[in-house]
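# Observations on the three-dimensional arrangement
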Amino acid sequence: MRLRRIPGTREKILEYTPWLVTEPTAWQGRWQSYIAGRLGCESPSPVEIHLELGTGRGRFINEMARECPDRFWIGAELREEVLLDALELAKTWEAPNLAFLWINVEQTVDIFGDGEVDGLYLNFSDPWPKERHAKRRLTHQRFLDRYRRYLKTGGLIRFKTDNEELFRFSLEEMAAKGFALEQVTFDLHKDPALASMELSARVMTEYECRFSRQGMPIYRCEARLLPEPVRVMPGSDE
Ligand SMILES: C[S@@+](CC[C@H](N)C(=O)[O-])C[C@H]1O[C@@H](n2cnc3c(N)ncnc32)[C@H](O)[C@@H]1O
């Protein structure tokens, strides 16, 4: 996706406090304090943190934040031109439980602490179809290793795409990294189980709206982070 750089966007984006977190590494391991500050609570009980990687223009995350006010939602996006739209949308409804990070997903390991994130969302991630670019896919094992560091054990990665090759690749990568695959569907919007799936399966992203309108199937799965297997040393009593 090539985007035209609009002069002044950078300056504009930095004005979107509190929705833009300008120094996200400062909150590593302390996101509950950040959330308490945003919600104006003195001694809060922990709030679930849900993170969308490559949030685009923010349609999905704004709707999820509105529908699930008891969770805190964070959208990460690299490109300021699209992030600006996501921020503007959050501002229109004064979203209390939503924040955005202007970052590369690569940086997320320096932003979130061990097990700090309850749920991850990868919606229509760039497919990087050439084999020599496979390492850039956000479901490559290289990224799954990063997510494992800050996703809570038992937490889910929810993944949606229009790209069958990327989907099959992702299923293999997730399985190889020991994630348990659940709710795997090769045509989400024609799947009779859709009505009983969790809300995030039914809330559409901007890419999903576009592809579904064209009649293209949408692929979706959930991948659960299982506990690391306990290694038994040879000769031990266990
Ligand atoms: C194909 S768009 C999908 C946007 C949105 N999730 C949707 O479903 O409509 C992929 C988005 O991911 C962002 N992105 C891709 N690689 C990224 C990275 N490494 N870090 C942060 N954002 C990234 C792109 O800038 C783009 O906005």
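Residues numbered from 1 in each chain as written. Predicted model: local features only at pLDDT ≥ 70, side-chain atom pairs only at ≥ 80, totals over all residues. Heavy atoms only, no water.

## A closer look at a nonpolar patch on the surface
A grouping of Leu181, Val184 and Phe186 is seen on the molecular surface, where their side chains present a nonpolar patch of about 210 Å² in accessible area. Position of leucine 181 relative to the elements: it lies in strand β6 (residues 179-185). For leucine 181, a relative accessible area of 34% corresponds to the partly exposed category. (Patch = residues over 30% accessible without salt bridge, like charges linked within 9 Å, V, L, I, M, F, W, Y side chains within 5 Å. Areas by Shrake-Rupley, 256 points an atom, 1.4 Å probe, with all protein chains shown as cover. Salt bridge = Lys/Arg side-chain N within 4 Å of Asp/Glu carboxyl O. Helix = DSSP H or I, 4+ residues; strand = E, 2+ residues; numbered from the N terminus. Buried < 20%, exposed > 50% of the residue type's maximum accessible area, 1.4 Å probe, protein only.)

## Observations regarding the site of the ligand
Surveying the vicinity of the ligand reveals 18 residues, the closest of which are Gly54, Glu77, Val105, Asn123 and Thr205. A distance of 2.8 Å separates a nitrogen atom of the ligand from a polar atom in the backbone of glycine 54. In isolation the ligand has 590 Å² of accessible area, and contact with the protein removes 93% of it. Its residues placed into classes, the shell around the ligand shows 7 nonpolar, 6 polar and 5 charged. (Near = heavy atom within 4 Å. Polar contact = N/O pair within 3.5 Å; in protein donor to acceptor, adjacent residues only side chain to side chain. Nonpolar A, V, L, I, M, F, W, Y, C, P; charged D, E, K, R; others polar.)

## Observations regarding the state of the cysteines
With the rule as written, the count across this model stands at 0 disulfides. With no disulfide of its own, cysteine 209 lies closest to cysteine 68 among cysteine sulfurs, the gap being 17 Å. Cysteine 68 provides the cysteine sulfur closest to cysteine 221, a residue in no disulfide bond, and the two sulfurs are 19 Å apart. (Disulfide = S-S within 2.5 Å.)

## A look at the pairing of strand β4 (residues 117-123)
The buried count for β4 comes to 7 of 7 residues, which makes it a mostly enclosed element. Strand direction decides the pairing type here: strand β1 (residues 48-53) and β4, joined by 4 bridges, are parallel. Each residue of the ladder has a partner; that of histidine 50, found in β4, is glycine 119. In the sheet, β4 pairs with strand β5 (residues 151-161) via 6 bridges, with the strands oriented parallel. Note that in β5 the partner of leucine 120 across the bridge is isoleucine 157. With helix α5 (residues 141-150) bridging β4 and the parallel β5, this β-α-β connection has right-handed handedness. (Pairing = 2+ DSSP bridges. Right-handed = clockwise from strand over helix to strand, strands pointing away.)

## Remarks on the sheet that holds strand β3 (residues 98-102)
Taken in spatial order, the 7 strands of this open sheet run β3-β2-β1-β4-β5-β7-β6, and their pairing is mixed. Among the strands making up the open sheet, the edge pair consists of β3 and β6. Ignoring strand direction, the axes of neighbouring strands in this sheet form an average angle of 20°. Across 5 bridges, the pairing between β6 and strand β7 (residues 219-225) is antiparallel. When the sheet's bridge partners are listed, glutamate 182 is paired in β7 with glutamate 222. Sheet strands touched by α5: β1, β4, β5, β6 and β7. Its angle to β5, the strand with the most contacts, is close to 140°. (Axes fitted to C-alpha atoms, helices over the stretch in contact; angles between N-to-C directions. Contact = heavy atoms within 4.5 Å.)

## Considering the UniProt feature "binding site: substrate" (unreviewed entry) in the protein
Within this numbering scheme, the UniProt entry marks Lys130, Asp162, Thr205, Glu206, Tyr207 and Glu208 as carrying the feature "binding site: substrate" (unreviewed entry). Taken together, the annotated residues stretch across 79 residues and extend over separate regions, lying up to 24.8 Å apart by C-alpha. On the secondary structure map, aspartate 162 appears in the loop between β5 and α6 (164-176). Aside from chain neighbours lying at most four places away, what touches aspartate 162 is Phe124, Phe211, Met216, Pro217 and Tyr219. Following the sequence through the fold, tyrosine 207 ends up in helix α8 (residues 206-213). (UniProt positions renumbered as here; feature names shortened; annotations may be inferred.)

## Description of unusual backbone geometry
Going from threonine 17 to proline 18, the amide bond is cis rather than trans, its omega being 5°. Along the chain, proline 18 falls in the loop between α1 (9-13) and α2 (31-39). The backbone of phenylalanine 124 sits at a positive phi, close to 55°, despite the residue not being glycine. Mapped onto the secondary structure, phenylalanine 124 falls in the loop between β4 and α5. One non-glycine residue, tryptophan 128, adopts positive backbone phi at about 40°. Here tryptophan 128 is to be found in the loop between β4 and α5.

## A look at the packing of aromatic side chains
Using the criterion set out here, one finds 15 aromatic pairs in the structure. Their ring planes at 50° and their centres at 5.7 Å tell us that phenylalanine 60 and tyrosine 121 sit as a pair that is tilted. Pair noted here: phenylalanine 60 is in helix α3 (residues 59-67) and tyrosine 121 is in strand β4, with a separation of 61 residues, a long-range link. Residue phenylalanine 60 shares its accessibility class with tyrosine 121, and that shared class is buried. (Phe/Tyr/Trp six-rings, centres within 6.5 Å; stacked < 30°, edge-to-face > 60°.)

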